[in-house]
Amino acid sequence: MVRTAVAFCPGHISGYFKKVAGETPETTGSLGAGIVVDEGVRAVASAADRLDVVIRRVDRNGRTLAESVGAPPVEYLMTELGVAARVETTCRLPIGSGFGLSAAALLASATALDALFDLGLGGEGIAALAHRAEVVHNTGLGDVAACQGGGVVCREGPGTAARITRVMTDETIYALSFGPLPTPEVIGSPEQLARVAAAFPPECPRDLAELFAFSRAFAEKSGLVRPEVRAALDACDETGVPASMTMLGLGVFAAGEGAGEVLAGFGELFPLKVAHEGFRLVEVRES
Ligand SMILES: Nc1ncnc2c1ncn2[C@@H]1O[C@H](COP(=O)(O)OP(=O)(O)OP(=O)(O)O)[C@@H](O)[C@H]1O
Ligand SMILES: CC(C)(CO)[C@@H](O)C(=O)[O-]
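Residues numbered from 1 in each chain as written. Chains lettered and ligands numbered in written order. Predicted model: local features only at pLDDT ≥ 70, side-chain atom pairs only at ≥ 80, totals over all residues. Heavy atoms only, no water.

Here we come to the domain arrangement of the protein chain. It is common to report an interface's size as the accessible area lost on association of the parts. Looking at the assigned domains, one finds that the protein chain contains domain 1 (3–164 + 281–286) and domain 2 (168–273). Between domain 1 and domain 2, the C-alpha centre-to-centre distance is 22 Å. The partner domain 2 presents 37 residues to the 35 residues of domain 1 that form the contact. Overall, the association of domain 1 and domain 2 removes approximately 2800 Å² of surface from exposure, summing both partners, and the carbon and sulfur fraction of that is 72%. Three residues, Y16, F17 and V152, lead the burial of domain 1 against domain 2; their summed loss comes to 24% of the area buried on that side. The interface formed by domain 1 and domain 2 includes two salt bridges. The partner of E268 in a salt bridge is R60, and the shortest N-O contact between them spans 3.5 Å. Between the two partners, domain 1 and domain 2, sit eight residue pairs in polar contact (both at pLDDT 80 or more). Counting residues per element, the ones that place at least two in the side of domain 1 that touches domain 2 are β1 (3–20), β2 (29–47) and β6 (151–155). The leading source of residues in the side of domain 1 that touches domain 2 is β2, at nine residues. Across the side of domain 1 that touches domain 2, the residue classes tally to 15 nonpolar, 12 polar and eight charged. (Domains from an automatic or database assignment. Contact = heavy atoms within 4.5 Å. Buried area = accessible area lost by both parts, 1.4 Å probe. Salt bridge = Lys/Arg side-chain N within 4 Å of Asp/Glu carboxyl O. Polar contact = N/O pair within 3.5 Å; in protein donor to acceptor, adjacent residues only side chain to side chain. Helix = DSSP H or I, 4+ residues; strand = E, 2+ residues; numbered from the N terminus. Nonpolar A, V, L, I, M, F, W, Y, C, P; charged D, E, K, R; others polar.)

If you check which residues of helix α1 (residues 72–81) are buried, you get P73, V74, Y76, L77, M78 and L81. Residues of α1 that are buried in the fold lie against β3 (52–58), β5 (85–91), α2 (101–116) and α3 (122–137). At the C-terminal side of α1, G82 shows a positive phi close to 70 degrees. (Buried < 20%, exposed > 50% of the residue type's maximum accessible area, 1.4 Å probe, protein only.)

The local shell around ligand 2 consists of S14, F17, S30, G140, L141, G142, D143, R155, T183, I187, M247 and L248. In the environment of ligand 2, an oxygen atom lies 2.8 Å from a nitrogen or oxygen atom belonging to the side chain of D143. At a separation of 3.2 Å, an oxygen atom of ligand 2 approaches a polar side-chain atom of R155. Here ligand 2, which alone exposes 280 Å², has 98% of that area covered by the protein. For the shell around ligand 2, the secondary-structure elements that each account for two or more residues are β1 and α5 (183–187). Each of domain 1 (3–164 + 281–286) and domain 2 (168–273) contributes no fewer than three residues to the shell around ligand 2. (Near = heavy atom within 4 Å. Areas by Shrake-Rupley, 256 points an atom, 1.4 Å probe, with all protein chains shown as cover.)

Here the focus is the pattern of salt bridges. By the definition in use, this model includes 19 salt bridges. A salt bridge links R285 to E283; the nearest nitrogen and oxygen atoms lie 2.5 Å apart. For E283, a relative accessible area of 31% gives the class partly exposed. Connected via shared salt-bridge partners are D52, R56, E67, R86 and E88.

Okay, the sheet that holds strand β10 (residues 249–255) next. Hydrogen bonding along the main chain pairs the strands of a sheet, whether they run parallel or antiparallel. Read across the open sheet, the four strands follow the order β9-β10-β8-β11; overall the sheet is antiparallel. A strand with exactly one partner marks an edge of an open sheet, and here the two such strands are β9 (243–245) and β11 (269–273). The sheet shows a mean angle of 25 degrees between the axes of neighbouring strands, direction not considered. Here β9 runs beside β10; their pairing, made up of three bridges, is antiparallel. Along β10, the bridge assignment pairs S244 with F253. Against the sheet, helix α7 (residues 208–222) makes contact with β8 (172–180), β9 and β10, and its axis sits at roughly 45 degrees relative to β9, the strand it touches most. Sheet strands in contact with helix α8 (residues 227–238) are β8, β9 and β10, and its direction is about 10 degrees off that of β10. (Pairing = 2+ DSSP bridges. Axes fitted to C-alpha atoms, helices over the stretch in contact; angles between N-to-C directions.)

In structure tokens:
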């Protein structure tokens, strides 16, 4: 009999953020706001005699578009937990493009490993471990905290135990990606982080409209907007579509009437719904 555990975690589009450097990974993270979206990462874990991670990106029909082996943050989870497993992750959205997939992969993988080995971590323990893995590997700051639940989220403190407010909406979010913007290059640069901090809006958005307004002002002031993103943002401005840049990726997210039509002209469009819940166990099966 082979026992496998399956878990899922939604992705997170960060609209704006400010790094908070604490004494420990647990007290390090970010303040900011974004949208937890219904596309994310599915992880399947099964016991193995060595650490084995396979990453798959698939199309809408489940056909494999790309596959790679190895993921240091996920391997870190297993080392910290003292377990060996094969973890296969699957996602539809592009990795490294501002959809928070490293965090989603960590939360889904940790949830699956916890269930596979009956570790009894609990939701808070899983989130704390995943957050530590992100911070240690410089692959994110606030996405794990955000993906503990759904909604339009505002994080008011660093780490997974800080205050987070969530506003639900049924609006469709349209996103597209022109390619990756390596997260470590930005959050590992004191100069870039200083510009980000100077651009940070201190208040939480009360609704989706304010999230776009605050995010766009942040994107412009932070100096992170690249030419390909600029062109798509200009097109949205011309048609009155609220839009901003996905942090941290070369991408755009928008909503409202005409958003899909405007962005479709720039590349592969990802229509997304706002997730109503965060990471979760899907099933444990013996076969
Ligand atoms: N789907 C995945 N499955 C397993 N590991 C992943 C996955 N996505 C990312 N990772 C791991 O996290 C590392 C950093 O990913 P990265 O932060 O660039 O992606 P992202 O989170 O999608 O981007 P962003 O932080 O801009 O939202 C990758 O090099 C990989 O090791
Ligand atoms: C730094 C970041 C934008 C990377 O996705 C995100 O982790 C956040 O909002 O803290």
